[in-house]
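# Working through the structure, step by step
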Amino acid sequence: MKKIGRFFLTKALPCIILTFFILFMNSGNYLKNYGLAEPVPLYLQRLQQMIARGEWQEAAANLNQLEVAWRQAVRILQFSEERDEINNFQHSLARLKGYVAAEETGGALAALHELEETWADLGK
Amino acid sequence: MNEAAVVFARGIIAFFTLLIFTRILGKQQVSELTFFDYIHGITIGSIAATLTTDLSSRAWPQWVGLATWTVAVWLLQWITLHSRGFAKYINGEPVILIKNGQIMEKNLKKMRFTIDDLLTQLRHQQIFDLKEVEFALLETDGKLSVLKKTQYAAVTPDDLKIPTKYRGISTELIYDGTVIDANLRRVKLDRSWLDHQLKAQGINSPREVALALLNTEGELYVSRYQQTRQQRAGFQSPKANNE
């Protein structure tokens, strides 16, 4: 019994702790859509279609939903991702809000592509 | 983003990773570290610090850096344990600085050691006169080992043919007021013997004792608390209050 306890403390426990740390540090890629009503890329895809069709009111509503989803996702992502990547997404989101409010297609699509790229990079 | 929470989580990861990795690398006295050991110790510590507070980079690459250094050091340790030649190449060899009472100036220069450094190291070993020294070697950890001339060496009981008794390691019987029963059983004694010994020294309870050691000659060393537990907890005796 003592041998098992010693084995657990000296070998098994450190292995379990290190494995947990490794999974935790790499959790971003797997958990970035966890707990969201819809995955973020789906919001982005829908926004792209709305902006292309000039449906600005629907786009603004969808953008608010995306912002809520992002706030939820960042709670998990912050532990495994770079601060700059998170800030980039936040800034692109703010820029997109401005373009949608101004109903400017070119700028909105550019900001949208930025968001897609940043989202794809998160967790890599 | 809650930066404080992220730093806290990363700090926990870095702390326990470092704890586990240093256990893997084994115990080594700081004073026994070679220059290379010292450098990699600093590097591993620095990576752990970056892992904790540098939020501009992901935790995972930093952790991989930490693991890489640990594995590299562990590998080097393993090879040096199994190959004497490699160990000499990595850690270097002891260098003779004084040979037959003569200072080896070439070796001093090679090791970037001044005569003042040599004299200082000798003084640390209670040697104030160079003529007492037969050999002095600079070890790989930077310490000086000295062999005195036979006429200056300390006399031992063996030199004088005096018989000596066996002396081993003392056993702790009371620590911080608590009797260590396992140690009592190991030396084949019991509480009644201990109580009797304490009473003989005017002690009524083990709780009055900070440390009690039994040496291999069967003598009990007892160190009592200078203050009672109550006094240490902030209660003053009525006598002390009156004073």
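Higher on the page you've got the structure.
In what follows, the accompanying structure is described. (Residues numbered from 1 in each chain as written. Chains lettered and ligands numbered in written order. Predicted model: local features only at pLDDT ≥ 70, side-chain atom pairs only at ≥ 80, totals over all residues.)

### Brief notes about the interface of chain A and chain B
At the interface, 15 residues of chain A touch 15 residues of chain B. Broken down by secondary-structure element, the contributors of at least two residues to the side of chain A that touches chain B are helix 1 (2–25) and helix 5 (83–102) of chain A. Here the side of chain A that touches chain B gets five residues from one element, more than from any other, and that element is helix 1 of chain A. Of the residues belonging to the side of chain A that touches chain B, the class tally is eight nonpolar, three polar and four charged. (Contact = placed C-beta atoms within 7 Å. Helix = DSSP H or I, 4+ residues; strand = E, 2+ residues; numbered from the N terminus. Nonpolar A, V, L, I, M, F, W, Y, C, P; charged D, E, K, R; others polar.)

### Observations regarding the nonpolar core
Among the nonpolar cores identified, the biggest contains 21 residues, and L47(A), L96(A), A108(A) and L112(A) are the most heavily contacted of them. Every element with two or more residues in this core is listed here: helix 3 (40–53), helix 4 (56–77), helix 5 and helix 6 (105–121) of chain A. With sequence-adjacent residues up to four places away left out, A108(A) is seen in contact with I51(A), L96(A), Y99(A) and V100(A). F21(A), A48(B), W63(B) and L66(B) belong to the second-largest nonpolar core, a separate cluster that totals eleven residues. (Core = buried A, V, L, I, M, F, W, Y, C linked by C-beta atoms within 7 Å. Buried ≥ 20, exposed ≤ 12 C-beta atoms within 10 Å, placed from the backbone.)

### Quick notes on the environment of L42(A)
Counting through the fold element by element, L42(A) comes out in helix 3. For L42(A) and L66(A), which are 24 residues apart along the polypeptide, the C-alpha to C-alpha distance reads 9.5 Å.

### Comments concerning the pairing of strand 7 (residues 209–214) of chain B
Residues and elements named next belong to chain B. Sheet topology places strand 5 (residues 171–175) next to strand 7; four bridges connect them, and they run antiparallel. Of the residues in strand 7, the one forming a bridge with T171 is L214. Note: strand 7 against strand 8 (residues 220–224), five bridges, orientation antiparallel. The partner of V209 across the bridge, within strand 8, is R224. Counting the residues between successive antiparallel strands, the hairpin from strand 7 to strand 8 contains five residues, one of them, G218, with a positive phi of roughly 85°. (Pairing = 2+ DSSP bridges.)

These values are about where atoms sit, not about what they do.
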